[in-house]
Every structure is written in structure tokens, then in C-alpha cells.
Amino acid sequence: MSFALKPRRDRFLCAAAYVLVFLMLASVLHGQWGFPLDDSWIHQVIARNFAQTHHLGFIPGHLTAGSTSLLWSCLLATYWWALPGVCPVLLSTLTSLLLLAGVGYTLKALTEEDRLPLTLGWCFALAPLASGNFLWLGLIGMEHLLFVLLALCVLRRWFQPERGRGDLLQLGLLSFLFVLTRPEALFLCVFLLLSSRLAHRSFRAVLSVLSGVLAASVIFCATNWAIGHHLSPQTMQGRQFLYRVTPQAGLTLRLEFLGQIFARFLKTWSFDASRNYLHHGGLLIGVPIVCALALFAILGVRALWSTKATRLLCLCAWAALIIALYTVILPSTGHGGRYLALPMLLFLPLEFLGFYHLLLLLPPLRARAGILTLLVALSSAVWSIHSWRQALTSQVRQIETEHGGMATWLQTALPPQALAQNQVAIFDIGRMGFQLNGHLVDLGGLVDPQYFEDLSHGRLATYLFTHNVRYMVLPSMKDDDSAEWKGRLGLTSNKQVKLVPLHSVCASPADDDLAESSASTAYGCQRAYRLIYNDEPSQ
């Protein structure tokens, strides 16, 4: 009896540790509720519209793009339907609390089912808590932790003994939810099926997973087709535009992406690492650090291989596949590394596991390998969580001061019909769109498929005029008057429309610098313009 209960007790202890450490990071939100990313608010706008108008979209009453995760949008819409008066930041944070508890429980279960030695199992299961960056994913109000939890659950269920119809139904349902959470799950499930013999799975189990994947793919593709007559999400094109992913970028952009991954891992501890140690003279320090981290990761994988930890090795293969997918399709780590949530989960477990096994190879340190690894892990946790608490404070304050401040100015300074008739075009549509109830025109290409068609053919002025846009808000650095985005939108020397500056709102230099160096959350300023059309643009 006690033997049967002990693994479950350990899993609950691991889950409790995740909850406790996450609360330490999330406590900085007390008194300044908000999200650290503008994109977080886009999900809230779509969910609110879905709950109130029964149309899944950013514009009230219209089916539009804007969200890649159908499951997350439906979950948030449930909150808006059932608890409309409760702060959405609080509800999202509580959801993340439960998701992280599930991650801790399931990851500990995987280490036990892979029969890792007790010390190594606890090391692997608790190591993600030493990364403030990974825990930060729980505070952005987006689907990435749900994706991680479902990945762990699918993998665990797949490698468990087959137990009849109920087991098959669970496999199909988990695969269905997994793909609806993020589209890359489709590739992970296909990769999983290749291990059917390794997992001793029958043909019926393979069909169960395929059924779930196919059902979710049909819903996903049908939704995208209904919105923009494309099978892929409109948000993909918007993000490719934001991160300058073009056919001309080619190999250079993808090599830079691999550098971004190393920089993101280093930001577990140092926000200035990429600018100080991965460029020019700093490479003398940066290259040895990167090589050491790579060595520890290789040793960590080798340790899993030597113990035949099939489940955890498959999880590592999934993380590598995600990196490969983004290298090809969208070479960007995303704000704060959110696109690489699964690799971020595994980063410190592999590092600490590799560090421990390296110490075992050194006779003078072999006897103290465990305590030295524990000290390194505790030091990492204290430093990383402290750093990310400070970063989170600046990120939330930047979004609320800058984006929220501009939304308030638009509401008070513009004529009432400007907002009522959607006459304002905005690039960062999240926080401002939430306050303006979605009454705007999107300049980021996340909502309207026609936008990129006109932009790519130099017809942006026509697009703006057709949509009766009279005002525009663009991001900018402190002193550049939105020069970058005017250029990218073809507005710098456009003879059909003139931008007259009206107002600007900027975050404090300290908040801007910390938010940028930690997660590249936003530009330092938002600038409002009035549009004057010289002539009616030609059609």
C-alpha cells in the first residue's frame, strides 16, 4: 500500500513545488495587473467577442483571424461567458497555476516510468523551476503552457500499456486537443507514430491518434479557410512579416535564429548576454559559455540514453523537431522565447543532468557531485527568478503605460465617430484593441487576409482609404518618428497619403531597456498620426 502511494505522493510534491515557485514570480503582479506582452490582449479581445457575439474574431460580430490556438480561444471565451466581471489577467494566471502543477506532476511521472534513479529523477523534474524565463510563460496569458502539458500527457499515455477502449479514447482525445492548441503538434504526433513499435502500440492505437489528429486538423483548416481562404493561419503571415521572413532572407536569417536560441537560453540568467557575449569582442567569453552549455546538454542526453529513458528521450526529440520546424517556417524564438516552450522546459534539466554526470567523471568531485549540482541549481533559481521578477515588472508597466496610455488618449482626444466607425489603424492591436473593444483596423496583418495583398502590391493607401482610416498609431523608438514602420509599410515617400503627428506616449527608458533586453516585448513608444489623403487613391 505504501509502495503504491509513494510515487503519487512524490508527484504531488513536485506539483506543489511548481505552484509555490510560480507564485513567487507572479507576486509582482500585485497592484499592477497586466500582461507583459501586447499579443496577450489579442487573445482576450477574440475570446470576449466570441463569448458576447458568438463570432470568433477580433472585430466584434465578424469572423476574423488573430489567434493560432483555437482551444485556448475557446477556453478564454468560457471565462468571459461564465465570469465576465473577473479580471482576465487573474483568470489567466490561475489557469497557468493549474497548468504548471500539471506539468510538474506529469514530468515527475515520466521520470518514474522511465525508471530514472531517484536523484536524477528529482533533478530532471524540478530543474525547470530554476528558469524564470520558463515560468514567465505562465504570466503571458497565452497557450504555450497548455501546449507543454498536453505534450507531456500525450507522450505519457502513448508509452503506457494498452488497456482497452478507454485507453484508445484518451489517446484520441489528447491528440485532438494537442493539435487544436498549436498546429506544430500535428508534426509531433506524426513523429510519435513512428515509435509505435518501441511503445508496443497496436494498430488500433495508431488509428486512435490519427483520428484525433485528423479531426483537429479538419477543424483547424476549415476555420482558416472560412476566414481567409487559406489552410494555414493568417497569423503565420503576420508573424513572418513582423520578423522579416522572406524568400530573400534565406540561410542568413536561419543561422541568426540558431544564435537567437543560444541567446534565449543565456537569458535564463543574463539579459545582456547576447549583446555582450555573442557579438564581436565578447565572443571570447561567449563561445566558451555556449560550448560548455552544449557539452552539458549532450552529456544530459547521454545520461538519459544510458538509463534507457525512452519517454524523456522522445521528449528531447520533440524539442529538437520544434526547433527544426521553426528554423524552416518561422525562424524566430518569439517574444521571450514563447515559440520554443518545450525546448525551454528541457533546457535546465539537460544542463543540470549533464553537469552532474561531468562531476561524476572527475574523481576529486565524484563524492560531492550531488551537493554541487544542488547548489548550482539553487543559485540558478534564486538569480533567474529575481531577474525575471524585475523584468516582468518593467514589461507590464511598459504595456500599461505606453499602449494603455495611448488607448486612453485615443478615447479622449479623437472624435467619437473615429472609434465608432473603425477609423483608427493600429499596428500593436492587443492592449489598445482591448480598451477600444476591437474597433480598429489592424496594420500587423493578423486579422484581414486582404491586407497583405494590398501591402505587397504597394496599395496600402488604397486599403486605408477604402477602410475609411483617418488616424494611425505606429510603434517607434524614442527619436525615430516611427521611421522603421513607415518604411516597411511604404509610407515614407507615399504621395497619396500624408501622416501628421498628433501625439506620442513612451515608456520610461529604464522599463523600455529592461523589457527589450529580456523579452523584446514592445517598441519604446507609440505615436499617433492623422492621415491626410492628397487625392483619392486609384483603384
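Residues numbered from 1 in each chain as written. Predicted model: local features only at pLDDT ≥ 70, side-chain atom pairs only at ≥ 80, totals over all residues. Heavy atoms only, no water.

Engineer: Which residues make up the side chain of R182, and what values do they have?
Structural biologist: Take R182: it is sitting in the loop between α8 (165-181) and α9 (185-193). Of the polar contacts made by the side chain of R182, one reaches the side chain of E184; its length is 2.7 Å. (Helix = DSSP H or I, 4+ residues; strand = E, 2+ residues; numbered from the N terminus. Polar contact = N/O pair within 3.5 Å; in protein donor to acceptor, adjacent residues only side chain to side chain.)

Engineer: Got a sec to walk through the packing of helix α3 (residues 70-82) against helix α4 (residues 88-113)? Specific residues and values, please.
Structural biologist: Put simply, α3 and α4 touch, their axes get as near as 11 Å, and they point 125° apart. When the axis of α3 is compared with that of α4, the two are oblique. Crossing of α3 against α4: the hand is right-handed. Of the residues in α4, those touching α3 at W72, L75, L76, Y79 and W80 are P88, L91, S92, T95 and L99. (Axes fitted to C-alpha atoms, helices over the stretch in contact; angles between N-to-C directions. Parallel < 35°, antiparallel > 145°, perpendicular 65-115°, else oblique. Left-handed = near helix turned anticlockwise from the far one by under 90°. Contact = heavy atoms within 4.5 Å.)

Engineer: Help me get a handle on α4, residues and values and all.
Structural biologist: Over its 26 residues, α4 extends 37 Å from the first C-alpha to the last, a length consistent with the 38 Å expected when each residue adds 1.5 Å. Summarising burial for α4: 21 of the 26 residues are buried, a large majority. Phi turns positive one or two residues past the end of α4, at R115, with a value near 60°. (Expected span 1.5 Å × (residues − 1). Buried < 20%, exposed > 50% of the residue type's maximum accessible area, 1.4 Å probe, protein only.)

Engineer: Lay out the pairing of strand β3 (residues 471-476) with the relevant residues and their values.
Structural biologist: Walk down a regular strand and you will see the side chains alternate between the two sheet faces. A large share of β3 lies buried, amounting to six of its six residues. Of the two faces of β3, the one holding Y471, V473 and P475 and the one holding M472, L474 and S476 are both buried throughout. Where strand β1 (residues 424-426) meets β3, three bridges bridge the pair, whose relative direction is parallel. In the sheet register, I426 faces β3, and the bridge partner there is V473. In this structure, β3 lies alongside strand β5 (residues 525-533), joined through six bridges in antiparallel fashion. Residue pairing for β5: L474 is matched across the bridge by R527. (Pairing = 2+ DSSP bridges.)

Engineer: Requested: an account of the sheet that holds strand β2 (residues 441-442), with residues and values cited.
Structural biologist: Within the open sheet, the five strands sit side by side as β2-β1-β3-β5-β4. Their pairing is mixed. Looking at which strands have only one partner, the edges of the open sheet turn out to be β2 and β4 (497-506). Against the sheet, helix α18 (residues 369-413) makes contact with β1, β3, β4 and β5, and its axis sits at roughly 120° relative to β4, the strand it touches most.

Engineer: Quick rundown of the nonpolar core? Include the residues and the values.
Structural biologist: W158, F178, L304, W318 and L410 are the most contacted members of the largest nonpolar core, which totals 143 residues. Those residues within four positions of F178 in sequence are excluded, and the remaining contacts are F147, L150, A151, V154, A185, L188, C189 and W318. Judged by nonpolar contacts, the second largest core, of 23 residues, contains L443, A461, Y463 and L499. (Core = buried A, V, L, I, M, F, W, Y, C linked by side-chain atoms within 4.5 Å.)

Engineer: I'd like to hear about the pattern of salt bridges, residue by residue, with values.
Structural biologist: Enumeration according to the criterion identifies 16 salt bridges in this entry. A salt bridge links E112 to K108, with the nearest nitrogen and oxygen atoms 3.0 Å apart. Taken together, the residues span about one helical turn, with E112 and K108 both in helix α4 at a distance of four residues. For E112, a relative accessible area of 21% puts it in the partly exposed group. In this structure K108 comes out as buried when scored by relative accessible area, which is 3%. We note a salt bridge from E113 to R156, for which the minimum N-O separation is 2.8 Å. Of the two residues, E113 sits in helix α4 while R156 sits in helix α7 (residues 144-158), which places them 43 residues apart along the sequence. Within this structure, E113, D114, R156 and R311 form a network of salt bridges that share partners. (Salt bridge = Lys/Arg side-chain N within 4 Å of Asp/Glu carboxyl O.)

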